[in-house]
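Okay, here's what each chain looks like letter by letter:
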Amino acid sequence: MAATVLRLRGPLRFCSAQGVRSACQPAEYKRCIYTTAPKLKNLYWNDKYNEGEEVFEKILIANRGEIACRVIHSCKRLGIKTVAVHSEADSLSLHTRLADEAICVGPAPTNQSYLNMDAILKAVKDTGAQAVHPGYGFLSENTVFAAKLADIGVEFIGPSSNSIKAMGDKIESKRIASKAKVNMIPGHDGVVEDADHCVKLANEIGYPVMIKASAGGGGKGMRIAWNDKEARDSYRLSKQEAASSFGDDRMLIEKYIDNPRHIEMQVLCDKHGNALWLNERECSIQRRNQKVIEEAPSTFVDPDMRRRMGEQATALAKQVQYSSAGTVEFLVDSQKNFYFLEMNTRLQVEHPITECITGIDIVHQMIRSAKGHKLLYSQSDIPIDGWSFECRVYAEDPYKSFGMPSIGRLEKYIEPSHIDQVRCDSGIQEGSEISVYYDPMICKLVTYGSNRQEALDVMVKALDSYVIKGVTHNIPLLRDIVTEERFVAGNISTNYLPTVYPDGFKGRMLSASESVDLVAMAAVMYIKDKLVSRSFKNQSRIPLSLNQPKSWSLSVSLNEENYPLQVSLAGDEVVVESQDQKMNIPFDLDTSSPLINMKINGQNKLFQLSKRIGAGLYKLRFFGTVYEVRVLEQFASEMSKLMPVKQEVDMSSLILAPMPGVLKSVAVKPGDMVAEGQEVCILEAMKMQNSMTSARVAKVKKVNFQQGQTVDEGDVIVEFE
């Protein structure tokens, strides 16, 4: 039977927050994660299947958030019923309402819900699901779970438990990769026994070394060591992290390739021995070994290198009889030598950018392979059509180590779904809560273009238009990266962030003209607010003053610098004069909207009103970064100079929680002496362990929290004398 390309009726855009029914939806499906978009190419223009081929009737998704919504979308499009599982904390989450059925599997902690194998298996039996899609994380690479599903006759939508076991164990996977003639990194072929053994091996291999969990992934349980002390500390912390995240604390060690690129190859296989590569993804922009921005294809990979990487990736897949979607990750040096890093035996977080440039619905093809159907592609059918970027929008503070987790409720949330060629993979909406129990991802913001620059330009516009209030987020960092000179040129590596921001991210540094634009914007908002506060709308009451002012002398402060401005009304415009610069700005702007598109001398400038604090103080987002701007009339500005300056508190006598989390250990008690740099406690947040150290030599005065207790951001854990 001839293969059919599954084409959707009309171009679509991925967006979880809108309620438009997609082309193949049943009438009762009220909320959809795709919305129409007039200029976005048909996403799955190259997705093939056989007319009338057998499909699963019902699939349970053993995951949460955006990836659960993503799998549900493909199932709905194929007419497959879906079952969502959820914790008590997620009972009102978006994925539970998108699915046809929803089953609670336990309390909020992951080990009692999304990792609760018995509860999920019971949900499978109770609902009659024929297959389980695990998404990524949680049980997606758990061999016991895959085997138990097989025992009850339920299909695991992923590779076999044997393939997962072979590739999930990094020590065993290296042996298999060597046998498949895949390029390897020098290292120890076995388990690191203890900290002393780690130091011994590190000296034999030569520093720097990478110490990482054998069963790890997602940047957890992984650290770089440059000397013996760091090797001991890294071994201890990574081992604890691995035990907490994966239930397996075995560690391995290998040579760390300094300043490499992280490039991965998407593979797609079936149960009939067929294997394809769907081109590469560049994933070098990382913090703490976790990806931040990805793109497909890579600027660094030429056709010959792509072919060699693809051939090695598929050779490895065939070596373990792989039968689903998977990703083979490589480290690449400056000479285009590439080395095997690991194979992720699951759907990858960043799979949407591959879908954008190939036109293939990877989730659909995973479902087909699990059902036993053959792939309907040859390697020549896999194109590179255009360019795609993905920015991972996290509830994180980018000013703290490029991203410390933040929690809270989304008070205002508007995805940039009105922009063409934008795809938003998210599992949240306005009112959703970002909790301490789960990954802080808000959305995978994906853009597409016919070339790299076009895709980048769309990403810039999308980031500027993304409205998130209620939690701290990393859009300021993302926005700065996508316009930074080295990134735009494609000159990147895994050391990009510490190289470009050696003192940490401080926000965008505005030029002189950009600063003037921002203070002018603030001045216009101030005047608008002043005039609105003097008037009574829809009433015939006498105004407070018959003569409205027409001009103002203002002083606007930004970044500890004062800008004297003369502002006057001239018909439908506001004229703002700053020293030798004159700006004409239309006065019809809508300050009730968080997005303000203002024309300054005819040029469009996009701002966001993040917060109107009062007394002339505004928080405005410009080029992604939020700036605090104070507008005062000239007399008030002169008087403010007489106010006493607030004294800064000496924070070296306190250990503050940099993020919400759970204390895994507290190493001191009142009366103890600590040295500068000595570890005081370990704080775990989102399964990452963070060592908190003393800033000086001191005596412990008070310990406010104990091991196992939960702390909020800013809580004082330990006090020094």
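Below is a short write-up of the structure. Here the structure is a predicted model, which means the values were calculated and not measured.

**What to know about the environment of V629**
Relative to the helices and strands, V629 resides in strand β34 (residues 625-633). Apart from residues no more than four positions distant in its own chain, V629 is found in contact with L518, A522, V556, S557, L558, G616, L617, Y618 and L620.

**What about helix α4 (residues 143-151)?**
Taken together, the buried positions of α4 are occupied by F145, A146 and L149. Seen from one end, α4 has its buried residues packed into an arc of 100°, which puts them on one side. Opposite the buried face of α4, by more than 90 degrees, sit the exposed residues A150 and D151. Packing partners of the buried residues in α4 comprise α3 (117-127), β8 (131-133), β9 (155-156) and α5 (161-168). With a side-chain oxygen lying 3.0 Å from the backbone nitrogen of V144, the N-terminal cap of α4 falls on N142. Following α4 by one or two positions, G153 adopts a phi angle in the positive range, close to 75°.

**Details of the pattern of salt bridges**
Side chains bearing opposite charge may pair, as long as their charged atoms lie close to each other. Summed over the entire model, instances satisfying the criterion amount to 52 salt bridges. When the shortest N-O distance is used, the salt bridge between R346 and E141 registers 3.1 Å. Of this pair, R346 sits in the loop between β17 (338-344) and α10 (351-358) while E141 sits in the loop between β8 and α4, placing them 205 residues apart in sequence. You can call E141 partly exposed: its relative accessible area is 28%.

**Quick notes on the sheet that holds strand β29 (residues 573-578)**
Sheets are built from strands that pair by backbone hydrogen bonding, the pairs being arranged parallel or antiparallel. Read from one edge to the other, the open sheet built from eight strands follows the order β30-β29-β28-β27-β34-β33-β32-β31, with strand pairing classed as antiparallel. Among the strands making up the open sheet, the edge pair consists of β30 (581-586) and β31 (595-600). With direction set aside, neighbouring strand axes in the sheet form an average angle of 35°. The pairing of strand β27 (residues 551-558) with β34 spans five bridges and is antiparallel.

**Observations regarding the sheet that holds strand β18 (residues 387-394)**
If you trace the eight strands from one edge of the open sheet to the other, you get β17-β16-β13-β14-β15-β18-β25-β23, paired in antiparallel fashion. A strand with exactly one partner marks an edge of an open sheet, and here the two such strands are β17 and β23 (422-426). Ignoring strand direction, the axes of neighbouring strands in this sheet form an average angle of 25°. Sheet topology places β18 next to strand β25 (residues 441-449); eight bridges connect them, and they run antiparallel. Looking across to β25, one finds that C391 is bridged to L445. Along the sheet, α10 makes contact with β13 (261-269), β14 (275-287), β15 (290-296), β18, β23 and β25, crossing β18 at roughly 160°.

The rules behind each value
- Residues numbered from 1 in each chain as written.
- Predicted model: local features only at pLDDT ≥ 70, side-chain atom pairs only at ≥ 80, totals over all residues.
- Heavy atoms only, no water.
- Helix = DSSP H or I, 4+ residues; strand = E, 2+ residues; numbered from the N terminus.
- Contact = heavy atoms within 4.5 Å.
- Buried < 20%, exposed > 50% of the residue type's maximum accessible area, 1.4 Å probe, protein only.
- Arc of directions from axis to C-beta.
- Polar contact = N/O pair within 3.5 Å; in protein donor to acceptor, adjacent residues only side chain to side chain.
- Salt bridge = Lys/Arg side-chain N within 4 Å of Asp/Glu carboxyl O.
- Pairing = 2+ DSSP bridges.
- Axes fitted to C-alpha atoms, helices over the stretch in contact; angles between N-to-C directions.

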